[in-house]
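Read off the chains here:
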Amino acid sequence: MLKIWGRISSINVRKAVWAAQEVGVAFERIDAGGKFGGTQTPEYLARNPNAMVPAIEDGEGAMQLTLFESNVIVRYLCARYSPGVLYPAALAQRFDAERWMDWQQTTMNPAGRDAFIQLIRTAPEQRDAQKIAASIAAMEPLLQLLDRHLANRPYLQGAQFGMADIPVACEVHRWWNLPAAAYQRPHYPHVERWFAAMLARPASRGVLDITIE
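Below: a short report on this structure. (Residues numbered from 1 in each chain as written. Predicted model: local features only at pLDDT ≥ 70, side-chain atom pairs only at ≥ 80, totals over all residues. Heavy atoms only, no water.)

Structural notes on the pattern of salt bridges
Our working definition: Criterion for a salt bridge: a side-chain nitrogen of Lys or Arg within 4 Å of a carboxyl oxygen of Asp or Glu. A simple rule labels every residue: compare its accessible area, found with a 1.4 Å probe on the protein chains alone, to the largest value its type can have, and call it buried under 20%, exposed over 50%, or partly exposed in between. Here a helix means four or more residues in a row that DSSP labels H or I, a strand means two or more in a row labelled E, and each is numbered from the N terminus.
On inspection of all chains with the given rule, the structure shows nine salt bridges. Asp 31 is the salt-bridge partner of Arg 29, the closest N and O atoms lying 2.6 Å from each other. Given the relative accessible area of 30%, Arg 29 is considered partly exposed. The partly exposed category is assigned to Asp 31, whose relative accessible area is 36%. A salt bridge links Asp 96 to Arg 99; the shortest N-O distance between them is 2.8 Å. Remark: Arg 99 and Asp 96 occur in helix α4 (residues 91–120); sequence separation between them is three residues, near one turn of the helix. For Asp 96, a relative accessible area of 16% gives the class buried. What makes Arg 99 exposed here is its relative accessible area of 53%. Bridged by salt links that share partners, the residues Arg 75, Glu 98 and Asp 102 form one connected network.

Here's what the structure looks like:
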């Protein structure tokens, strides 16, 4: 059985869980990280020497694979359990998906991180308004870009839901659940239509319908 280590409050763990649910593989999730701890033990460090979540183990014996890095885990699960569907067979389609996954990790996530940390994980009296404002200013052009991209296609990769939709939707879920009193979100009609489709997917339950923390 596939094992996923990590707390569901982590955006990166949510990606792995959604991917596993989407491909239909049975899995066990073990709480780790944050208030659960456990990431500094020798056993866990052997799985992920970065002492972060998620980490996965899949398979048995000599065929067992251990992985860390959330977007790599999404790619692996889609490649192993949904080749040619969630994981595109054609190189052009595959690398189109890859670039959006990297964009989420290297561009979108850093842009939105400070606002999330300040508004969700920092006590009100300790929040840094400048960090929040800078994060919002960095994130809004990216949502505009995403909105333009989705104007002509139902999913990030085109006509079909694919692996790229998972990490980007997890990022949008976190951003759009910031407190309304602190952040008045502009209207992004194409992103909103796409995200509604993400919410409607049965495999996204327990991921996109939970409160961020």
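Details of the packing of aromatic side chains
Stated precisely, the cut-off is as follows: Only Phe, Tyr and Trp rings take part, Trp by its six-membered ring, and two of them pair if their centres are within 6.5 Å. Stacked means planes under 30 degrees apart, edge-to-face means over 60, and tilted covers everything else. Sitting over a ring, as applied to charges here, requires NZ of Lys or CZ of Arg to be within 6 Å of the ring centre and within 35 degrees of the ring normal.
Applying the stated criterion across every chain yields a total of six aromatic pairs. On the basis of an interplanar angle of 80° and a centroid distance of 5.1 Å, the ring pair of Trp 100 and Trp 103 is categorised as edge-to-face. In this pair, Trp 100 and Trp 103 are both assigned in helix α4, three residues apart and thus about one turn of the helix distant. Classification of Trp 100 by relative accessible area gives buried; the value is 8%. You can call Trp 103 buried: its relative accessible area is 12%. One aromatic cluster in this structure is built from Trp 18, Tyr 155 and Phe 161. Here the guanidinium or amino end of Arg 174 rests over the ring plane of Phe 116, the centre of that ring lying 4.2 Å away. Here the basic side chain of Arg 185 rests over the ring of Trp 176, its NZ or CZ set 3.9 Å away from the ring centre.

Description of the packing of helix α6 (residues 165–176) against helix α7 (residues 189–200)
Cut-off, in case you're wondering: Lines fitted to the C-alpha atoms define the axes, with helices restricted to the stretch that makes contact. Angles between their N-to-C directions range from 0 to 180 degrees. Any angle that falls under 35 degrees is termed roughly parallel, while one over 145 is termed roughly antiparallel, one within 65 to 115 roughly perpendicular, and all others oblique. A contact between two residues is defined here by any heavy atoms of the two lying within 4.5 Å. Under the scheme applied here, ten amino acids are nonpolar (Ala, Val, Leu, Ile, Met, Phe, Trp, Tyr, Cys and Pro), four are charged (Asp, Glu, Lys and Arg), and all others, including Gly, are polar.
The contact between α6 and α7 brings their axes to 11 Å, and the two run at 110°. When the axes of α6 and α7 are compared, the pair comes out roughly perpendicular. Where α6 abuts α7, its residues Asp 165, Val 168, Ala 169, Val 172, His 173 and Trp 176 lie against Val 191, Glu 192, Trp 194, Phe 195 and Met 198. Considering only residue class, the contact of α6 with α7 consists of eight nonpolar, one polar and two charged.

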